[in-house]
Amino acid sequence: MSGPTSGEFEQIARYFAPLAKDYPLAFGLTDDAALIRPEPGQEIVVTTDCMVAGVHFFPDDAPERIARKLLRVNLSDLAAMGAAPVGYLLAAAWTEAVDDAWLARFAAGLAEDQARFGVALIGGDTAATPGALTLTITALGTVTAGAALRRSGAKPGDGVYVSGTIGDAYLGLQARKAALAGANAESARYFAERLDLPEPRLGLGRRLRGLATAAIDISDGLVADLGHICETSKLAAEIVASRVPLSPPAAALVARAPEYLPALLTGGDDYELCFAVPQGREGEIAALAGELGVALTRIGRCSAGAGVKVEGPDGTALAFERTGYRHF
Ligand SMILES: [Mg+2]
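Residues numbered from 1 in each chain as written. Predicted model: local features only at pLDDT ≥ 70, side-chain atom pairs only at ≥ 80, totals over all residues. Heavy atoms only, no water.

Colleague: Before we go on, may I ask you to explain the overall build of the protein in this structure?
Modeller: For the protein, the count of helices and strands is ten helices and ten strands. Rg of the C-alpha trace for the protein: 20 Å, near the compact-globule value of 20 Å for 328 residues, within the 12% margin. For the protein, the spread of C-alpha atoms along the principal axes amounts to about 60 × 50 × 30 Å. In the protein, which comprises 328 residues, the proportion classed as buried is 52%. Considering only contacts in the protein between residues 6 or more positions apart, those separated by 24 or more positions represent 86%. When the accessible surface of the protein is split by element, carbon and sulfur atoms take 54% of a total near 14,200 Å². Across the protein, the mean location of the 29 positive side-chain charges is 6 Å away from that of the 39 negative side-chain charges. (Helix = DSSP H or I, 4+ residues; strand = E, 2+ residues; numbered from the N terminus. Rg over C-alpha atoms; globule rule 2.2 N^0.38 Å. Buried < 20%, exposed > 50% of the residue type's maximum accessible area, 1.4 Å probe, protein only. Contact = heavy atoms within 4.5 Å. Areas by Shrake-Rupley, 256 points an atom, 1.4 Å probe, with all protein chains shown as cover. Lys, Arg positive; Asp, Glu negative; His and termini not counted. Charge placed at Lys NZ, Arg CZ, Asp CG, Glu CD.)

Shown next, in the form of structure tokens:
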């Protein structure tokens, strides 16, 4: 293979312009830039995330999967800010291994998740690289002016919550590296799916506006990302390991091999939301969980001080080799 046989303009017309058709102000990707026209009283939220082959994904991963994860991790950042997604820009450095068939599958993956999450491609750029396949999305969203969720608003006494389940993506990475002992093939597939296709909690993020005092999406690992809330909110947090929600296959694995627990709490790539909620508003969180069909679990609380303390299964503090896992 020697890279795409189509030229850049043909590539845009064939694979990428169709992804912009639902966003009129991208002008079919024929102009130098797109326009953003927020409703009065709305602010633009912007975020970017880059993925590098061999660092953030396996070079032989299915192109659809790479595309969908790239979009989803960006949307997760919008979710963490309480924003509604609008559109995204794609900057790609293609390698020689990327041919037209690969591009078609990559674009199909984007199309599938665009429809699912209500966003459109609004611009971008492509180049060829002799190095690793490098893909960057910049996602844009909107939020009511002044209402974006931040990391900085947590107060001592607030409860600490997480959405969904924690640690599946870490186990998925171990499964993909054939380094996961003690899990059957079905569990290994489930974990790998959670690694490849995180669920950006967009609906939850929007509903946490005015309810959560601080929020973050878990990309580096629960302990590290809660630590970011603590740093910016200038307080401490204590969580209880046994309260951290695990999926049934992860819980079964930890029951057999408890040594996995610290890694699940620090493993990263969960893309769940971790957030703080004032005392007295727990009932609203329970109602929201029911309404959205998303598990929202109180795992601890904020207090004066600094840093994250994790109470282990035996009641003593867990010590971690590192608080955040850095991919491969
Ligand atoms: Mg983030």
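Now that the structure has been shown, the text picks up again.
Colleague: Help me understand the coordination of the magnesium ion, please; the structure alone is not making it clear to me.
Modeller: Six octahedral donors around a metal ideally subtend angles of 90 or 180 degrees, whereas four tetrahedral donors ideally subtend 109.5 degrees. Donor atoms from the polypeptide that coordinate the magnesium ion comprise D77 (OD) and D217 (OD), at 2.1 Å from the metal. Of this pair, D77 sits in helix 2 (residues 63–80) while D217 is found in strand 6 (residues 214–217), placing the two residues 140 residues apart along the sequence. A single burial state applies to D77 and to D217, both of which are buried. (Donors = N, O, S within 2.8 Å, 3.2 Å for Na, K, Ca; no water.)

Colleague: How should I be thinking about the sheet that holds strand 8 (residues 273–277) in this particular structure?
Modeller: Consider a sheet: its strands pair through backbone hydrogen bonds, and that pairing is either parallel or antiparallel. In spatial order, the strands read 6-8-5-9-7-10; together these six strands make up an open sheet with mixed pairing. Edge positions in the sheet fall to strand 6 and strand 10 (307–311), since each has one partner strand and no second. If you compare each strand with its neighbour and ignore which way they point, the axes differ by 25° on average. Taken together, the five bridges between strand 5 (residues 159–163) and strand 9 (residues 296–303) define a ladder with antiparallel strand orientation. Looking at the pairing, V160 lines up with G300 of strand 9. Of the strands in this sheet, strand 6 and strand 8 touch helix 2, which is tilted by about 175° from strand 6. (Pairing = 2+ DSSP bridges. Axes fitted to C-alpha atoms, helices over the stretch in contact; angles between N-to-C directions.)

Colleague: When you look at the side chain of Q11 in this model, what are you seeing that I'm missing?
Modeller: Tracing the backbone shows Q11 in helix 1 (residues 8–16). A relative accessible area of 5% means that Q11 is categorised as buried. At 3.3 Å, the side chain of Q11 and the side chain of W94 are in polar contact. The contact partners of Q11, leaving out residues within four places of it in the chain, are P4, S6, F16, W94, L103 and T126. (Polar contact = N/O pair within 3.5 Å; in protein donor to acceptor, adjacent residues only side chain to side chain.)

The quantities given are spatial measurements derived from coordinates; they are silent on function.
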